[in-house]
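# Examining the three-dimensional arrangement
Here are the chains, one letter per residue:
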Amino acid sequence: DSLENLWATWMRAGQIWVAHTSGNDAVWGAPVALPTAGAGSVAADDMSSLIAFSGQIGVMYSNQNDDTMHFAIHADGAGDLAWTHENAYGGPGSNLADDHMNLKTFGGKVYAATKTSRTGSSPLVNLLVRETNGSWSAHVFGTAVSTEDHTRPIVLIDATSGVVHMFATGSSPGSTSYDLI
């Protein structure tokens, strides 16, 4: 984070957890169960990922039980339980959460490559974008039809050109990645 603390996040026993150092990279504080919506009832294969941006730590976590990609925010230096919650994508019955995500930041925005649990011509892989005002938008990268059927999406930022690239592995023979600009 901006205070030079290291952070870690993980899922254990249906709960999203975080921990951080406090100035000394060899000394970690006690793990804390993330105290935000959807963080205490995740599925066995859900996951979390974190990113430092604009003087904050963001933790994105999937929850396939409530079909939501969640995003929790912690201001650098705030107390361990001082988190705010944002619903990045999805909601009950939407099948928009799965256990694939990759986060990047540029210009105060957060970019998240995520996968859904949908099938057919519905969105399977999306680029989620968090604007500096906290609003989220979703941009379809690909669907689950046999010619696309992407998995393991990642985001790369070309900061010099101000271009966002997204790549994912495809399922068709000989396909390895696709690019969305």
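Check the entry above for the structure.
Residues numbered from 1 in each chain as written. Predicted model: local features only at pLDDT ≥ 70, side-chain atom pairs only at ≥ 80, totals over all residues. Heavy atoms only, no water.

### Some points on the sheet that holds strand β11 (residues 136-143)
The criterion, for reference: Paired strands, as defined in this entry, are two strands with at least two bridges between them according to DSSP. The way it works is that DSSP assigns letters per residue, a run of H or I at least four long becomes a helix, a run of E at least two long becomes a strand, and they are numbered from the N terminus. Orientation is described by axes fitted as lines to C-alpha atoms, over the contacting stretch for helices, and by angles from 0 to 180 degrees between their N-to-C directions.
Taken together, 4 strands build an open sheet; the order of strands is β8-β9-β10-β11 and the sheet is antiparallel. A strand with exactly one partner marks an edge of an open sheet, and here the two such strands are β8 (101-106) and β11. Adjacent strand axes in the sheet meet at a mean angle of 20°, parallel and antiparallel pairs treated alike. As judged from the 7 bridges shared by strand β10 (residues 123-130) and β11, these two strands associate in the antiparallel manner.

### Comments concerning the side chain of K115
In plain terms, the rule: The buried label applies to any residue whose accessible area, calculated with a 1.4 Å probe on protein chains only, is under 20% of its type's maximum; exposed applies above 50%, and partly exposed to all values in between. When charges are counted, Lys and Arg contribute as positive and Asp and Glu as negative, whereas His and the chain ends are disregarded. Should a side-chain nitrogen of Lys or Arg be within 4 Å of a carboxyl oxygen of Asp or Glu, the pair is scored as a salt bridge. For this analysis, a polar contact is any N or O atom pair within 3.5 Å, provided that within protein one partner can donate a hydrogen and the other can accept it, and provided that sequence-adjacent residues contribute only side-chain to side-chain pairs. Contacts: residue pairs with any heavy atoms within 4.5 Å of one another.
Its place among the elements puts K115 in strand β9 (residues 109-115). Among buried charged residues, K115 stands out as having no salt bridge; its nearest opposite-charge side chain is D98, 4.8 Å away. Within the local environment of K115, its side chain forms a polar contact with the side chain of T151, the two groups lying 3.3 Å apart. Non-local contacts of K115, meaning those with residues more than four positions away in its chain, are made with L96, A97, D98, H100, L124, V125, H150 and T151.

### A word on the nonpolar core
Threshold: Here the nonpolar core consists of buried residues drawn from Ala, Val, Leu, Ile, Met, Phe, Trp, Tyr and Cys, with membership extended through side-chain atoms lying within 4.5 Å.
Ranked by size, the top nonpolar core spans 16 residues in total, and within it M60, M69, F71, A88, L128 and W136 carry the most contacts. Taken together, the elements giving at least two residues each to this core come down to β4 (48-53), β6 (68-75), β7 (84-90), β8 and β9. Tallying contributions element by element places β6 first for this core, with 3 residues. Those residues in contact with A88 that sit more than four places away from it in its chain are M60, M69, H70, F71, L128 and W136.

### Points about the environment of P123
By secondary structure assignment, the location of P123 is in strand β10. A sequence separation of 10 residues divides P123 from A113, and the C-alpha atoms of the two residues are 12 Å apart. When neighbours within four sequence positions are excluded, P123 is seen to be in contact with Y89, T116, R118, V140, G142 and T143.

### With respect to the sheet that holds strand β2 (residues 15-20)
Here 3 strands make up an open sheet; going across it, the order is β1-β2-β3 and the pairing antiparallel. Of all the strands in the sheet, just β1 (7-12) and β3 (32-33) have a single pairing partner and so form its edges. Looking at chain direction, β2 and β3 are connected through 2 bridges and run antiparallel. By the bridge assignment for β3, V18 is matched with V32.

### Considering unusual backbone geometry
Leaving glycine aside, a negative phi is the common case for residues, and trans is the common case for peptide bonds. The backbone of A13 sits at a positive phi, close to 55°, despite the residue not being glycine. If you trace the backbone, A13 turns up in the loop between β1 and β2. A positive phi angle, near 55°, is found at N95, a position not held by glycine. Within the secondary structure layout, N95 lies in the loop between β7 and β8. On the basis of relative accessibility, which here comes to 38%, the residue N95 falls in the partly exposed class.

Any functional reading would require information beyond the geometric quantities listed.
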